[in-house]
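# Topology and contacts: notes
The primary structure of each chain is shown beneath.
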Amino acid sequence: NAKKATKSSVQFYSQKLKDASQRIIELENALQNAITNHEFELFLQPMLDLTTGTILKAEALLRWNRLDTEKIGPDEFIPIAEQTGLIVPIGKWVISKACEMISTLNHRGQNCKLSVNLSPRQISDRHLLDFIRTSIKNNHIQPDQLELELTEGVLVDNYDKVQFLLTEVRKLGVSVSIDDFGTGYSSLSYLKKLPIDHIKIDRSFIQDLVNDENDKAIILAIIAMAHSLKLNVIAEGVETELQRNFLQLNHCNLAQGYLFSRPLPFAQFCDYLTTTANQTLIGQSALGPK
Ligand code: C2E
Ligand code: MG
Ligand code: MG
Ligand code: MG
């Protein structure tokens, strides 16, 4: 009986493994053609300046619109793209698309910085720096309108490459954020050694901050440390007014999250900027003399 059970559970698990690896192979194949099939889209999620209430920056987040199939999020397809190396061409597509969007926004008079996420594989691509330089130039945008987001893991695993890349990127005028801060296993010494501009506090610390004294303490410590190192702090995943108030009161610089907006397709993002800008204007004219 015991033997039987073991055998069937082995079969069960090997079937599951088969299904999982088949799915990965299927996604790999589909990813190969996704750029040429125009299946990728960049969504933009605004970041709110907590002192002025304005939107001067947004994060570019990749979406994969596969025809006739279920939606699949970046948390699932980015790791596959990373393993297969497809992230290199995909990442280039993201950078050039983001620069194109910055240019379009400039022409519309809606100047806005955009940040793009970088994966480990991209850091090892020796053409990356040139590609960034060329994309900025071809789109006639200011280098400081582009920002790069790297996680702590990326920094630690590729320290020498990262140091070179970030130094060169800084010379260009592009700025750098540490993404998902607080979740990596890194030493903090890189914060003073590397040319970094912003720290993004991971969403997991923001989620329960209202009820969790430990999360509050960690957030306050991150803000204090960042400010003494002259770095800006961005809170990710802000969903409630209570979270926003806590962050604002404690001098967090920027906030990003569903409270303000979900990631939006480009056209909707432009509308969002117009609406929020008008709201500010209405607010001012209501206060000002008639
Ligand atoms: P991330 O860079 O940390 O991006 C933030 C994620 O949090 C996004 O998920 C965003 O939609 C989500 N988010 C924002 N505000 C809220 C909120 O208030 N509540 C909740 N629950 N979630 C919120 P998304 O778009 O699914 O992206 C997931 C991850 O995939 C990103 O995490 C990033 O690591 C990666 N990714 C996305 N686009 C790219 C890309 O172009 N290149 C690379 N290399 N990675 C990317
Ligand atoms: Mg990010
Ligand atoms: Mg993040
Ligand atoms: Mg993340």
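Per an unreviewed UniProt entry, the protein chain carries the name Diguanylate cyclase/phosphodiesterase and comes from Paraglaciecola polaris LMG 21857.

## Here we look at unusual backbone geometry
Negative phi is the rule for most residues except glycine; trans is the rule for most peptide bonds. At His38, a position not held by glycine, the phi torsion is positive, near 55 degrees. Of note, His38 is situated in the loop between helix H1 (2-32) and strand E1 (40-49).

## So, the coordination of the magnesium ion (ligand 2)
For the magnesium ion (ligand 2), every protein donor is listed as Glu59 (OE), Asn117 (OD1), Glu149 (OE) and Asp179 (OD), and the spread of their distances is 2.1 to 2.2 Å. For the magnesium ion (ligand 2), the donor residues sit on a single chain with the sequence spacing E-x57-N-x31-E-x29-D. The metal-metal distance between the magnesium ion (ligand 2) and the magnesium ion (ligand 3) is 3.8 Å, with Asp179 coordinating both. In this pair, Asn117 is assigned in strand E3 (residues 113-117) and Glu149 in strand E4 (residues 146-151), connecting sequence segments 32 residues apart.

## Topic: helix H10 (residues 213-228)
An ideal rise of 1.5 Å per residue puts 22 Å on 16 residues; H10 measures up with 23 Å between its terminal C-alpha atoms. Taken together, the buried positions of H10 are Asp215, Lys216, Ile219, Ile222, Ile223 and Ala226. Around the axis of H10, the buried residues are gathered within 130 degrees of arc, so they sit on the same side. Away from its buried face, by an angle of more than 90 degrees, H10 presents the exposed residues Glu213, Asn214 and Ser228. Elements that come into contact with the buried residues of H10 comprise strand E5 (175-181), strand E6 (198-201), helix H9 (203-207), strand E7 (232-235) and helix H11 (241-249). Just beyond H10, the residue with positive phi is Lys230, at close to 65 degrees.

## As for the UniProt feature "coiled-coil region" (unreviewed entry) in the protein chain
The positions that UniProt labels "coiled-coil region" (unreviewed entry) are, in the present scheme, residues 10-37. Measuring from the first to the last C-alpha atom of residues 10-37 gives 40 Å, for a span that is 82% helix and 0% strand.

## Things to note about the site of ligand 1
Around ligand 1, the structure places 22 residues, and the nearest of them are Arg63, Asn117, Ser119, Glu239 and Tyr258. A distance of 2.9 Å is found between an oxygen atom of ligand 1 and a side-chain nitrogen or oxygen belonging to Asp179. One of the backbone nitrogen or oxygen atoms of Tyr258 is found 2.8 Å away from an oxygen atom of ligand 1. Taken by itself ligand 1 offers 800 Å² of open surface, and the protein chains cover 85% of this.

## Digging into the confidence of the model for the protein chain
Predicted confidence across the protein chain gives a mean pLDDT of 91, with 93% of residues reaching 70 or more. Scored below 50 in pLDDT, residues 283-290 shows zero contacts in the model against residues more than four places distant or in partner chains. Confidence estimates for the predicted assembly give a pTM of 0.92 and an ipTM of 0.98.

What counts and how
Residues numbered from 1 in each chain as written. Chains lettered and ligands numbered in written order. Predicted model: local features only at pLDDT ≥ 70, side-chain atom pairs only at ≥ 80, totals over all residues. Heavy atoms only, no water. Helix = DSSP H or I, 4+ residues; strand = E, 2+ residues; numbered from the N terminus. Donors = N, O, S within 2.8 Å, 3.2 Å for Na, K, Ca; no water. Expected span 1.5 Å × (residues − 1). Buried < 20%, exposed > 50% of the residue type's maximum accessible area, 1.4 Å probe, protein only. Arc of directions from axis to C-beta. Contact = heavy atoms within 4.5 Å. UniProt positions renumbered as here; feature names shortened; annotations may be inferred. Near = heavy atom within 4 Å. Polar contact = N/O pair within 3.5 Å; in protein donor to acceptor, adjacent residues only side chain to side chain. Areas by Shrake-Rupley, 256 points an atom, 1.4 Å probe, with all protein chains shown as cover. pLDDT = per-residue confidence, 0-100.

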